[in-house]
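The chain contents come next:
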Amino acid sequence: MSKLTQSAAWQALNAHYAIVKTQHMRQIFQDDPERAGKFSLQFDDLFFDFSKNRINAETIQLLVALAEQAGLPAYIEQMFTGVKINSTEQRAALHTALRNRSAQAVYVDGKDVMPDIRRVLGLMRRFSDAVRNGQHVGHTGKAIRDIVNIGIGGSDLGPLMVCEALKSYASPQLNVHFVSNIDSAHLSETLKKLDAQTTLFIVSSKTFTTQETLTNARSARAWLIEQLGDEQSVAKHFAAVSTNLEATSKFGINPENVFEFWDWVGGRYSLWSAIGLPIALYVGMDKFEELLDGAHAMDNHFRSAPLDKNIPVLMGLLGIWYGNFFGVGSNAVFPYCQYLHRFPAYLQQLDMESNGKGTDREGNAVDYDTGITVWGEPGTNGQHAFYQLIHQGTRMIPADFLAPLHSQAPLGEHHAILLANCFAQTEALMVGKTSAEARAELVAQGMQGVALEALLPHKVFAGNKPTNTLLFDKLDAHTLGKLIALYEHKVFVQSVMWNINPFDQWGVELGKQLAGKILPELLNNTPAVTPHDASTSGLIQYYQKNH
Ligand code: G6Q
């Protein structure tokens, strides 16, 4: 058994679980009229209600004891101060420095990284202002109307999610598009709608070696040159964001349009860096800086609030409670906010790529579950699709419900209906419906006898399904910054509990290596250069024969 599962704090939680697992939240709420107040927190405009969870005051104490045993406060300080906590890559994880809006220096290898961060923010402002006010024009003198971000994974999901979320603040003169997939349909379908004279491509790649991104970028460049009939046009229509300035220059991108970031920014944590350039272009640099401000406010909360009053810490610990003690395997996220429709997809990468690790910091295989499947869709759509599984299925799926109090697109009673649904779902999931209640309903509908008895068991809802509710005033850049940082820190908290490194991604690197080996075999129709298993060889030969 590992040190973690043998530890006093873990064992205490195990014993506590044996008691709590039999308790129904409906009863707990009835027994304690103060419960909602006791298990909710306010931070700025963010209201976090975690009372509909299978917990009591002792659960929180025991989870906090686990966090203390794991040294969470010290780890938080290490992250913020540039210690190389990404141990397998010998790097700091300093996304918090990117949004450090204070005057405090942050050191990596003895060098304050803040001046460089501010310098690049200044360059982003100059460039985004110039494009937005028509100073930076295309090769034929026309203003830029369409921005195409070419990137994948961390160089795509964050900026895409934020641009969708802040759409209501965007310049009406600019459209933004994201091309990530190597499937040529993604680029081709995007280019179909565009005029090369008014299109700006941003090639976003931390390494500038990613096969999908470079292939899409080369094809986009060929399209531009073909459309405008002049290779020189690349200078005005291509920008790049990368840590690899040598590669951007080799690609032929005008150095004036190259925006740098640094190896201590993880891909999935990079939207705060120049990877956020499409955001700055689409909604303006002021809004981008508001996003940074919001994240910084959450960083301060995370760094300073006591563990039992700390929203990311509590969210992370609740995930541990369900994942490791109740044995749940997935976590749903339901934004009751159409503008957040890509938030669950963004969180999938953040959470699953960070905490999908089975080896602890010391190199040992863990003997407890880590990571979790994250999924979700905006409410109310999900209600008409998969919520059934959460209401009456056999698996417990804790869910986060997120909702703004005010709509960004108000229309009649739409928003009240939206929120009524949000609140009704968490209530129903918690309270359920007893057999007596279901019977009374059926009787009121005029049912009786055998028919009633046959239908009754299907109308019963066990309830006792845990949810968190996060309410905020409205979805502006500041609040969005807070929400994203909240989930980043939640993921970090869990990684500390599990003693794993959330900042590497060797699984992603493996995929990058493997595809490279098979490609020549497909392109040249040659026999396997490297030996494959029989299934993979069969697939390659099937392609070669039938393509
Ligand atoms: C993120 C991952 C991964 C990465 C992409 C793109 O944390 O490392 O999703 O962002 O593979 O990598 P590049 O930005 O280097 O092209």
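Description of the structure in this document.

Each value, and the rule that gives it
Residues numbered from 1 in each chain as written. Predicted model: local features only at pLDDT ≥ 70, side-chain atom pairs only at ≥ 80, totals over all residues. Heavy atoms only, no water. Salt bridge = Lys/Arg side-chain N within 4 Å of Asp/Glu carboxyl O. Helix = DSSP H or I, 4+ residues; strand = E, 2+ residues; numbered from the N terminus. Buried < 20%, exposed > 50% of the residue type's maximum accessible area, 1.4 Å probe, protein only. Pairing = 2+ DSSP bridges. Axes fitted to C-alpha atoms, helices over the stretch in contact; angles between N-to-C directions. Contact = heavy atoms within 4.5 Å. Core = buried A, V, L, I, M, F, W, Y, C linked by side-chain atoms within 4.5 Å. Parallel < 35°, antiparallel > 145°, perpendicular 65-115°, else oblique. Left-handed = near helix turned anticlockwise from the far one by under 90°. Nonpolar A, V, L, I, M, F, W, Y, C, P; charged D, E, K, R; others polar. Near = heavy atom within 4 Å. Polar contact = N/O pair within 3.5 Å; in protein donor to acceptor, adjacent residues only side chain to side chain. Areas by Shrake-Rupley, 256 points an atom, 1.4 Å probe, with all protein chains shown as cover.

Scanning all chains against the criterion turns up 25 salt bridges. Close ionic contact of Asp263 with Arg91 constitutes a salt bridge, the shortest N to O distance being 3.7 Å. A residue pair is termed long-range when its members are at least 10 positions apart, and Asp263 in the loop between strand 9 (258-260) and helix 14 (277-283) and Arg91 in the loop between helix 6 (72-80) and helix 7 (95-98) qualify at 172 residues. Judged by its relative accessible area of 39%, Asp263 falls in the partly exposed class. Residues Lys111 and Asp116 are paired through a salt bridge, measuring 3.1 Å at the closest nitrogen-oxygen approach. Under the relative-accessibility criterion, Lys111 is labelled partly exposed at 49%. A network of salt bridges, in which partner residues are shared, links Arg101, Arg125, Asp286, Glu289 and Asp293.

With that out of the way, let us pick up the sheet that holds strand 9. Within the open sheet, the five strands sit side by side as 6-5-7-8-9. Their pairing is parallel. The sheet is open, and its two edges are formed by strand 6 (175-179) and strand 9, each paired on a single side. Pairs of neighbouring strands in the sheet enclose a mean axial angle of 20 degrees, with direction left out of account. Pairing analysis gives five bridges linking strand 5 (residues 146-150) to strand 6, with the strands arranged parallel. Following the sheet pairing, Asn149 is matched in strand 6 by Phe178. Helix-sheet contacts for helix 10 (residues 184-192) involve strand 5, strand 6 and strand 7 (199-204), and the interaxial angle to strand 6 is about 160 degrees. Sheet strands touched by helix 11 (residues 211-228): strand 5, strand 6, strand 7 and strand 8 (238-242). Its angle to strand 7, the strand with the most contacts, is close to 160 degrees.

Now for the nonpolar core. Counting 124 residues, the largest nonpolar core has Met124, Trp264, Trp321, Phe343, Leu480 and Tyr487 as the members making the most contacts within it. Among the elements that make up this core, the one with the highest residue count is helix 22 (residues 477-498) (13 residues). Excluding anything up to four places from it in sequence, Met124 contacts Phe259, Ser273, Ala274, Gly276, Leu277, Ala280, Met285 and Phe288. Judged by nonpolar contacts, the second largest core, of 23 residues, contains Phe208, Ala217, Leu228 and Val234.

What follows is about the packing of helix 16 (residues 311-326) against helix 22. The description of two helices packed together rests on the angle between their axes and the distance between the axes. With their axes 8 Å apart at the nearest point, helix 16 and helix 22 run at an angle of 50 degrees to one another. Classified by the interaxial angle, the pair formed by helix 16 and helix 22 is oblique. The two elements helix 16 and helix 22 meet at a crossing, and its hand is right-handed. From helix 16, Ile311, Pro312, Val313, Met315, Gly316, Leu317, Gly319, Ile320 and Asn324 reach across to helix 22, where they touch Leu486, Tyr487, His489, Lys490, Val493, Gln494, Met497 and Trp498. Within the contact of helix 16 with helix 22, the residues separate by chemical class into eleven nonpolar, five polar and one charged.

What follows deals with the site of the ligand. Ser155, Ser205, Lys206, Thr207 and Thr210 are the nearest of the 15 residues found near the ligand. In this structure, Gln349 approaches the ligand through a side-chain N or O atom, which is 2.7 Å from an oxygen atom. Notes on the ligand: free accessible area 400 Å², of which the protein chains cover 94%. Looking at the shell around the ligand, the elements with two or more residues in it are helix 17 (343-355) and helix 23 (506-524). Residue composition of the shell around the ligand, grouped by class: two nonpolar, nine polar and four charged.

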